[in-house]
Amino acid sequence: MGADEDGALAEYHRKRDFSRTAEPAGEVTPDDGRLRYVVQRHRASHLHYDLRLEMGGVLASWAVPKGPTLDPSVKRLAMHVEDHPVEYVDFEGVIPKGEYGGGDVIVWDHGTWTPHDTADPVAAVRAGELHADVQGEKIRGRLVLIRRSVAESSEGGDGRESWMLLHKHDEFAVEGWDPEAHPRSVLSGRTNDEVRADPAYHWHSDRPAGSAAESTAEVEVPSGDDLAALDELGAEGTWEVFGRRLKVTNLDKVLFPPGEDGEPVTKRDFLRYVATVAPTSVPYLAGRALNLHRYPSGADAKGFWHKELPSHAPEWIGRWDNPLADADETQTYLVVDEPAALVWAANFGALEWHPWTSRTDAPECPTYALFDIDPGEDTTWDQVLDLARLHRTAFEQLGVRSYPKVTGSRGIQVWVPIDSGPSFDDTRSWVEGVSRTVGRLHPDWVSWKWVKRERGGKARLDYTQNAINKTLVAPYATRPRPGAPVSMPIGWHELDDPDLRPGRWTIRTAPDRLRAVGDLFRGALVDDQDLPAFR
Ligand code: MN
């Protein structure tokens, strides 16, 4: 806690127990000339938007029940609340139930602001009128805040003032603009629901207050010693990693031809990557049969599916005997339930990992509905993006939380986590219904033909993978292409990033990306939803 108990943040500190909440504890920082602006969408006992303007080293704050708007014809009630520490500008997460403000928070808008017609905004607020020129991503133009009355002061002296918020008739004004129609975080692209569903956003008692705002970026990694040990091996040897001893082979063999950086990717590079992401990847594979797409001769050569766990697999490797298998089908599947098992599979030549969408304890009940936007030869990247945006809009309208990723190859996939229960037939027909609705908007872009050469170069919205033992590539798995691109989870807002490409991240850049943004797919693991009805 800061040493500012009687200063600008005293009220903020009085209301919060920092041994219980992940919110930033905050220290008063001096102005550096750039004034920050943020609006957080906060679902506490009542939904409201917290408008915060940096001034005097803190964030002056108003709770706006209906949210700020670009519409100049409406006046919003804005309750002046206690100043917040500037560290709060990027707080997004879940405040524990029972704590002050308990609920979920997203960074709904952010940017900078400048005071209009005053050099002393703190004095302007004290005097009861502030004009602010805001440069946000959603809100731009001049906001005006005017005090209307001072409510009865409570014992603690925290009388809440009722203010009025409006947007001027300026070039940024938009009649009828509704903040609720723009529900996503400008930081993560997530909705409040998606943030709430993500365990990485929750308060962890073992973490210091203030660090949990970045907790999604905290990714467990193998020890530096383990990675150094791999580099010290010759062409093969025994690697001790994640507490297991693994025989690793052909370490200097080129597995992927060079990508844009001109560097070929060796098997040693590949295993290092796999060990680095394994702690993040394993939760997507654990408890599920894994179909391996093997390329033992490298990504250049033809790969093949390998499903039967080989008899030479170490005893500690997880496995599952499929009770539904016929005599001529795969009997025993690999189940990757610890990081070392994924490294073992990688050494075995599994460049792609395809987990079943059902768990081994209920193999006929999928826990994901899969959407696969699969471009044809004539499909442009812009068309892929537009088809993805239409799916996103459909999910929003249906109230469904969904998790997109680039495939590392050509397309975009969306995984919708569902509560185990509905059959593959139910799931497939729901996915088909949504995708056909989207596809009808662009009949020139989308083909429903089963056979590829009959699709006339058009994209396919492939709902057929929603079937037992059919799979899509796992998040963070590599694809057999030059430079070893990976299938990378993205935030929905990244569809608007001009640099987004299906193969943007490779095994050389994916670990940094993961450290920077965290595991954006994590909600897909736990965010069980009822499969919606769709007709
Ligand atoms: Mn609030």
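Thresholds applied
Per chain, residues are indexed from 1 in the order of the written sequence. Totals for whole chains, interfaces and linings use all residues, but because this is a predicted model, local features are given only for residues with pLDDT of at least 70 and pairs of side-chain atoms are given and counted only at 80 or more. Remark: hydrogens and water are excluded; side-chain values derive from all non-hydrogen atoms of the structure. Runs of E in the DSSP output that reach at least two residues are strands. Runs of H or I that reach at least four are helices, and both are numbered from the N terminus. Between buried and exposed lies partly exposed: a residue is buried under 20% and exposed over 50% of the maximum accessible area for its type, with that area taken using a 1.4 Å probe on protein chains only. It only takes one pair of heavy atoms within 4.5 Å for two residues to be counted as in contact. Computed with the Shrake-Rupley method and a 1.4 Å probe, the accessible areas treat only the protein chains shown as cover for residues. In this description, a line fitted to the C-alpha atoms serves as the axis of each element, helices being fitted only across the stretch in contact, and the angle between N-to-C directions of two axes falls anywhere from 0 to 180 degrees. To sort the angles, those under 35 degrees are grouped as roughly parallel, those over 145 as roughly antiparallel, those from 65 to 115 as roughly perpendicular, and the leftovers as oblique. Left-handed describes a crossing whose near helix is turned anticlockwise from the far helix by less than a right angle; the clockwise case is right-handed. We call Asp, Glu, Lys and Arg charged. Ala, Val, Leu, Ile, Met, Phe, Trp, Tyr, Cys and Pro are nonpolar, and the rest, Gly among them, are polar. Pairing between strands is defined by DSSP: at least two bridges between the two strands are required. Pairing of aromatic side chains here covers Phe, Tyr and the six-membered ring of Trp, requires ring centres within 6.5 Å, and sorts the geometry by plane angle: under 30 degrees stacked, over 60 edge-to-face, intermediate tilted. Consider the ring centre and the ring normal. A charge sits over the ring if Lys NZ or Arg CZ is within 6 Å of that centre and within 35 degrees of that normal. Note that water is not among the atoms used; donors are N, O and S atoms within 2.8 Å of the metal (3.2 Å for Na, K and Ca), so sites may look incomplete. Buried Ala, Val, Leu, Ile, Met, Phe, Trp, Tyr and Cys residues form a nonpolar core when they are joined through side-chain atoms within 4.5 Å.

Enquirer: Tell me about the overall build of the protein, residues and numbers included.
Expert: When its secondary structure is counted, the protein shows 10 helices and 23 strands. For the protein, the residues scored as buried account for 55% of the 535 residues in total. Taking all contacts inside the protein whose residues are at least 6 apart in sequence as the whole, residues at least 24 apart take part in 66%. Here the protein displays about 22900 Å² of accessible surface, and carbon together with sulfur accounts for 47% of that area.

Enquirer: Account for the packing of helix α5 (residues 267-285) against helix α9 (residues 510-517), with residues named and values stated.
Expert: One way to put it is that α5 packs onto α9 with a least axis distance of 10 Å and a crossing angle of 30°. On the basis of the axis angle, α5 is roughly parallel to α9. The crossing of α5 and α9 is left-handed. For the pair α5 and α9, the contacting residues are Tyr273, Thr276, Val277 and Thr280 in the first and Ala510, Pro511 and Leu514 in the second. Its residues placed into classes, the contact of α5 with α9 shows five nonpolar, two polar and no charged.

Enquirer: Explain the sheet that holds strand β22 (residues 460-461) to me, and be specific about the residues and the numbers.
Expert: With antiparallel pairing, the five strands of this open sheet are ordered in space as β22-β19-β21-β20-β23. Two strands in the sheet have a free side with no partner beyond their single neighbour: β22 and β23 (488-489).

Enquirer: Can you break down the packing of aromatic side chains residue by residue, with the values?
Expert: Under the criterion given, the structure shown has 17 aromatic pairs. An aromatic cluster of three or more residues is present, and its members are Tyr284, Tyr368, Tyr403, Trp415 and Phe521. One Lys or Arg, Arg460, reaches over the ring of Trp450 and ends 5.4 Å from the middle of that ring. For Arg513, the ring lying beneath its charged end belongs to Trp505, and the centroid distance is 4.2 Å.

Enquirer: Quick one: what's the story with the coordination of the manganese ion, residue by residue and with numbers?
Expert: Tetrahedral coordination by four donors sets the ideal angle at the metal to 109.5 degrees; octahedral coordination by six donors sets it to 90 or 180 degrees. Taken together, the protein donors to the manganese ion comprise His42 (ND1), His48 (NE2) and Asp50 (OD), at separations of 2.1 to 2.2 Å. Along the chain, the residues that donate to the manganese ion are spaced as H-x5-H-x1-D. For the pair shown, His42 and Asp50 are each scored as buried.

Enquirer: Give me the nonpolar core: which residues, what numbers.
Expert: Membership of the largest hydrophobic core comes to 88 residues, with the highest contact counts inside it found for Trp239, Leu334, Trp344, Trp353, Phe395 and Trp430. With 10 residues, the single largest contributor to this core is α5. Residues in contact with Trp344, not counting those within four places in the same chain, are Leu246, Leu309, Pro310, His312, Ala313, Pro314, Ile317 and Leu334. Listed in part, the 28 residues of the second largest apolar core include Val39, Leu51, Val125 and Leu130.

Enquirer: Can you lay out unusual backbone geometry for me, pointing to particular residues and giving the numbers?
Expert: A positive phi angle, near 70°, is found at Asp117, a position not held by glycine. With phi around 50°, Asn250 is a residue other than glycine that occupies positive phi space. Mapped onto the elements, Asn250 comes out in the loop between β11 (244-248) and β12 (254-256). Asn250 sits in the partly exposed class, given a relative accessible area of 44%.

Enquirer: Got a sec to walk through the environment of Ser281? Specific residues and values, please.
Expert: Along the chain, the position of Ser281 falls in helix α5. Residues Ser281 and Ala477 lie 196 residues apart in sequence; the distance between their C-alpha atoms is 8.1 Å. Setting aside chain neighbours within four positions, we find Ser281 in contact with Leu342, Trp353, Pro475 and Tyr476.

Enquirer: With reference to specific residues and values, describe the packing of helix α4 (residues 224-232) against α5.
Expert: The N-to-C vectors of α4 and α5 enclose an angle of 170°; their axes lie 10 Å apart at closest approach. Accordingly, the angle class assigned to the pair α4 and α5 is roughly antiparallel. Residues Leu227, Leu230 and Asp231 of α4 pack against Arg268, Leu271, Arg272, Ala275 and Thr276 of α5.

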